[in-house]
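Residue-level structural notes
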Amino acid sequence: MRTLRTLIPVLAAALMAAGCGPADPPDAPDAPDRPGEADAVIEWGLVMHGGAGTITRDAMTPELEADYRATMTEAMEAGHSILADGGGALDAVIATIRILEDSPLFNAGRGAVFTAEGTHSLDASIMSGATGNAGAVAGVTTIRNPIELARLVMDSSVHVLLAGDGAEAFAALHGVETVDQEYFYTERRWRQLEEARAEESAEAERSTVGVVALDRSGVLAAGTSTGGTTNKKWGRIGDSPIIGAGTYADEGCAVSSTGTGEYFIRNVVAYDICARTRYTDYTLAQAAHAMIMEQLEAQAPDLGGIIAMDGEGRVVTSFNTPGMYRGWIGPDGRAETAIYR
């Protein structure tokens, strides 16, 4: 007796023959205009981003570009050293993001942008592809490294997301390092706030940092950290601390997002990319292209991008902005960095 599983292909073929369905849908994964190549394939390692946006060569001095590339390299090497010693993907994500959070160059931790009130409000999340466990914090104001607090929420609580005063109280209970708000002050970010206040329509800083790692045991993990958007009001929270939007990882795919968070939340971007690879014949590169360059691009241009890796070590970066700080590192320990399209 035939089972339903064996009958489905037969019925589908019959319907096709009868003209009841398209034999080759226009959005088939192997459509010629759908890129299918990964940026790199590594046995184990990590990929990182430092935010996407209007990042162009003419707006960058050679000295500043060198600083960005040096910091990205330092961060990736920190994560790589953990993986090389047999450490786990989660630990590598934390080590890499910590350095990015401690740098004034990136919109996370030390370099976070200012809110409309002239303060700082930080978000972060992390997820294990092996267990599906996740942790996140939103709207914290005194935590030096929000990604570490997100990991603590995952490991030491029954919750996924803690926000505001509650997250701060949880941090105090567990002895997490805190700093005064002055720690986050940088002249460059203050000027950005003044410009945004003077012209509400001016483009706001909306970058983020994120890391996806694949360890030597084949475990994936992803993490994301941000200071949000310049001049943000009313306790606005973007996609970075939202599991499935800004961060997602399962056994075969992991993603970290950056850009205009509202769109990434509405489209559940990080999860959707992984779901396409799980439930369809899309490769990771095809799934990322379909989401970023087609679905999001159709809603609005210049929204942001993602980094991703699958269980086979295929590294994918995709963005619809002029640039995205990004890089990857594999077993050979050589960090590759890129900024412009």
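Residues numbered from 1 in each chain as written. Predicted model: local features only at pLDDT ≥ 70, side-chain atom pairs only at ≥ 80, totals over all residues. Heavy atoms only, no water.

**Some points on the overall build of the protein chain**
Scanning the protein chain from N- to C-terminus turns up 9 helices and 13 strands. Counting across all 341 residues of the protein chain, residues that qualify as buried make up 54%. Residue pairs in contact within the protein chain that sit at least 24 positions apart in sequence constitute 69% of those at least 6 positions apart. Total accessible area computed for the protein chain in this model is approximately 14800 Å², and 53% of it derives from carbon and sulfur atoms. (Helix = DSSP H or I, 4+ residues; strand = E, 2+ residues; numbered from the N terminus. Buried < 20%, exposed > 50% of the residue type's maximum accessible area, 1.4 Å probe, protein only. Contact = heavy atoms within 4.5 Å. Areas by Shrake-Rupley, 256 points an atom, 1.4 Å probe, with all protein chains shown as cover.)

**Observations concerning the pattern of salt bridges**
By the definition in use, this model includes 12 salt bridges. Residue Asp 102 is joined to Arg 98 by a salt bridge in which the shortest nitrogen-to-oxygen separation is 4.0 Å. In this pair, Asp 102 and Arg 98 are both assigned in helix 3 (residues 89–102), 4 residues apart and thus about one turn of the helix distant. Here Arg 314 and Asp 310 are joined by a salt bridge, their closest N and O atoms 2.9 Å apart. Given the relative accessible area of 37%, Arg 314 is considered partly exposed. Take Asp 310: its relative accessible area is 9%, and that puts it in the buried class. (Salt bridge = Lys/Arg side-chain N within 4 Å of Asp/Glu carboxyl O.)

**Notes on the state of the cysteines**
For the structure shown, the criterion picks out 1 disulfide. The side chain of Cys 253 participates in a disulfide bridge whose partner is Cys 274; the two sulfur atoms lie 2.2 Å from each other. The sign of the -75° torsion about the S-S bond sets the Cys 253-Cys 274 disulfide as left-handed. Highlighted residues: Cys 253 in strand 9 (residues 253–259) and Cys 274 in helix 8 (residues 269–279), separated in sequence by 21 residues. (Disulfide = S-S within 2.5 Å.)

**Some words on the packing of helix 4 (residues 146–156) against helix 5 (residues 164–173)**
Running from N to C, helix 4 and helix 5 cross one another at 75°; their axes reach a closest spacing of 11 Å. One element, helix 4, and the other, helix 5, form an angle in the roughly perpendicular class. Each of Leu 149, Leu 152, Val 153 and Ser 156 in helix 4 lies in contact with helix 5, whose residues at this interface are Ala 167, Phe 170 and Ala 171. Considered class by class, the residues forming the contact of helix 4 with helix 5 number 6 nonpolar, 1 polar and no charged. (Axes fitted to C-alpha atoms, helices over the stretch in contact; angles between N-to-C directions. Parallel < 35°, antiparallel > 145°, perpendicular 65-115°, else oblique. Nonpolar A, V, L, I, M, F, W, Y, C, P; charged D, E, K, R; others polar.)

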